[in-house]
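A closer look at the structure
What follows is each chain in one-letter form.
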Amino acid sequence: METEILKEKKVCRTYVMKGDFEKKELQTYHLILAPSYACNMGCPNCYLPNHATETLPEERVLSLIDEWSEIVQNERGRFGGIFHLKGGEPLILPYFNRVIEKTAEVGTLRFMMTTNGTSYSAKTIKRLAELSEALDDNVTIIVSLDGSTDEINSILRLPGNYAKTIGFINQLADAGITFFLNYLVHKHNIDDIPNFMKLACELSAAQVNFLSFIPKGYGAELVDYRPDPLEVFRRIHAIWEDGNDEVREMLAGSFSDILQREACGSCTAIECVGGYRGLFYIVPNGDVYSCPNLNFPQLKAGNIMESSCAELMDTKVYEKVRTESGDTSERFLCKGEKFLPLSSDYLITEFAVLQRKLAQNKEGNGMVCCYARNW
């Protein structure tokens, strides 16, 4: 497939996963790798199916980095693609240090990692700082924190870990490493959103992703914790409207940010990026999906233990999840939510209200983003 090679990417402190609607491909390619589901916490709300210790072989992960680097170089240019380490908890991955070394050695990919920030040492921070230097500061650490206090954070996360995570964040900041905060919004911490945003500013976070809790995996039975999407939007939009430019930049990728982009009149949201070329999610047994929210058996694209990364680039997953032409009713909807067992009830009631609130028939170039931001 012929694709115009983009110029070398400049460092950007915030990130919005965006795609090209006409070409059905990501602007910045993004490979999300969960080499193991093993975790040191085991939160009851976790979306993963298990916390088993099954782990992708180290040799395959290292060769995958080479393969991904070649694809990105050829189709997007240096730093035109992201290698994103996820879990489970990546900081307890047996070969974590080798992944860091290999990514630095390749020197062509942006690096992201999502972590709970509780299992680290001074050496961890040193390695990440060295990686950031090797990659011209193209390193972003996404830290999960669900409250502005230990009490609120501990509602669904293990008590006593709040201080560890704050310590990790402070050390990242001291080392000059860019970090985001992922805040999982549920019914029992929604009132804390304004205070958490203040904390994020104090900690010098580059971006805050407020993610609405979806009952899935370990958390499938916590249906009562699911927040009202419209209320979540209202709380965050109030911060957006009252915030200065710095606060609004920290909310990059939120519905408020997307609506602001639409207000310029040059673009309009059409669908999420699920199924687009250049977006992968790989799990411990090697199975490949388009993203963490589309990891259903019928949407499997292949297996990285049986195929090369290049062979999986054109998987046709999009054809199974595509939005019908002219249909704007689900343009702000994560495609993965449509495959959940509770999806029909969820869409008809709460999310339908949010759709009506946000839906505006505007003209302009098609804009596609990731709305769930579960990465």
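Not measured: the values here are computed from a predicted model.

On to the pairing of strand β3 (residues 81-85). Of all five residues that make up β3, five are buried, and the element is covered over most of its length. In β3, alternate side chains face the same way, and those of G81, F83 and L85 on one face and I82 and H84 on the other are all buried. Here five bridges tie strand β2 (residues 25-33) to β3, and the two strands are oriented parallel to one another. Bridging from a neighbouring strand, I32 pairs with H84 of β3. In this fold, the crossover linking β2 to β3 by way of helix α1 (residues 58-75) has right-handed handedness. Here β3 runs beside strand β4 (residues 110-115); their pairing, made up of four bridges, is parallel. Counterpart to H84 in the pairing with β4 is M112. Where the polypeptide runs from β3 across helix α2 (residues 96-106) and back to β4, its parallel neighbour, the crossover connection is right-handed.

Counting 84 residues, the largest nonpolar core has W68, F111, I141 and F210 as the members making the most contacts within it. Core analysis: the next-biggest nonpolar cluster, separate from the first, contains 11 residues, V16, F233, I258 and A269 among them.

Inspection of the entire model under this criterion finds 15 salt bridges. Note that E25 and R76 form a salt bridge whose closest N and O atoms lie 2.9 Å from each other. With E25 in strand β2 and R76 in the loop between α1 and β3, this pair connects stretches of sequence that are 51 residues apart. Between E105 and K102 there is a salt bridge, with the nearest N and O atoms lying 3.5 Å from each other. In this pair, E105 and K102 are both assigned in helix α2, three residues apart and thus about one turn of the helix distant. Using a relative accessible area of 59% as the deciding quantity, one classes E105 as exposed.

This part covers α2. Every buried residue belonging to α2 is among F96, V99, I100, K102, T103 and V106, and all of these are buried. Burial along α2 is one-sided: seen end-on, the buried residues are contained in an arc of 165°. Looking at the buried positions of α2, the neighbouring elements they touch are α1, β3, β4 and α3 (122-134). Of the residues one or two after α2, G107 is the one with positive phi, at around 70°.

This next bit is on the environment of V247. Inspection of the secondary structure assignment puts V247 in helix α8 (residues 245-250). Under the relative-accessibility criterion, V247 is labelled buried at 12%. Linking V247 and M197, residues 50 residues apart in sequence, is a C-alpha distance of 8.4 Å. Ignoring sequence-local partners within four residues, the contact set of V247 consists of M197, C201 and I239.

Bringing unusual backbone geometry into the picture now. Here the residue pair G87 and G88 is connected by a cis peptide bond, since its omega of 10° sits within 30 degrees of zero. Mapping G88 onto the fold places it in the loop between β3 and α2.

Among the structural elements, D146 can be located in the loop between β5 (139-144) and α4 (150-153). Among the polar contacts made by the side chain of D146, one reaches the main-chain amide nitrogen of L184 at a distance of 3.1 Å. In contact with D146, not counting residues within four places along its chain, are I152, N153, R157, N182, Y183, L184 and N189.

Let us now look at helix α6 (residues 193-203). Within the sequence span of α6, burial applies to I193, F196, M197, L199, A200 and L203. Looking straight down α6, one finds its buried side chains confined to an arc of 160°; they lie on one side. Every exposed residue of α6 that faces more than 90 degrees away from the buried side is listed here: K198 and E202. Elements in contact with the buried residues of α6: α5 (162-174), β6 (178-185), β7 (207-212), α7 (229-242) and α8. Where α6 ends, the next residue or the one after it, S204, has phi of about 70°, a positive value.

Model confidence for the chain is summarised by a mean pLDDT of 87, while 84% of its residues fall at 70 or above. This model gives residues 1-10 a pLDDT under 50, and the stretch forms 26 contacts once residues within four places in sequence are excluded. Confidence drops under pLDDT 50 across residues 342-350; counting only partners more than four residues distant or on other chains, this segment forms 18 contacts.

In this section: the packing of aromatic side chains. Evaluated as defined, the whole model comprises seven aromatic pairs. Both rings, one in Y183 and one in F196, keep their centres 4.4 Å apart while their planes meet at 50°; by these two values the pair is tilted. A residue pair is termed long-range when its members are at least 10 positions apart, and Y183 in strand β6 and F196 in helix α6 qualify at 13 residues. Taken individually, Y183 and F196 each receive the classification buried, so the pair is uniform in this respect.

This part covers the pairing of β6. Burial analysis of β6 places eight of its eight residues in the buried class, the great majority of the element. Burial of β6 is two-sided: the residues T178, F180, N182 and L184 facing one way and the residues F179, L181, Y183 and V185 facing the other way are all buried. In terms of strand pairing, β5 meets β6 through five bridges, oriented parallel. Bridge pairing in β6 links T140 to T178. Summarising the sheet, β6 and β7 pair through six bridges and their orientation is parallel. The partner of L181 across the bridge, within β7, is V208. Since β6 and β7 lie parallel, the crossover through α6 that links them has a hand, and here it is right-handed.

Conventions we followed
Residues numbered from 1 in each chain as written. Predicted model: local features only at pLDDT ≥ 70, side-chain atom pairs only at ≥ 80, totals over all residues. Heavy atoms only, no water. Buried < 20%, exposed > 50% of the residue type's maximum accessible area, 1.4 Å probe, protein only. Helix = DSSP H or I, 4+ residues; strand = E, 2+ residues; numbered from the N terminus. Pairing = 2+ DSSP bridges. Right-handed = clockwise from strand over helix to strand, strands pointing away. Core = buried A, V, L, I, M, F, W, Y, C linked by side-chain atoms within 4.5 Å. Salt bridge = Lys/Arg side-chain N within 4 Å of Asp/Glu carboxyl O. Arc of directions from axis to C-beta. Contact = heavy atoms within 4.5 Å. Polar contact = N/O pair within 3.5 Å; in protein donor to acceptor, adjacent residues only side chain to side chain. pLDDT = per-residue confidence, 0-100. Phe/Tyr/Trp six-rings, centres within 6.5 Å; stacked < 30°, edge-to-face > 60°.

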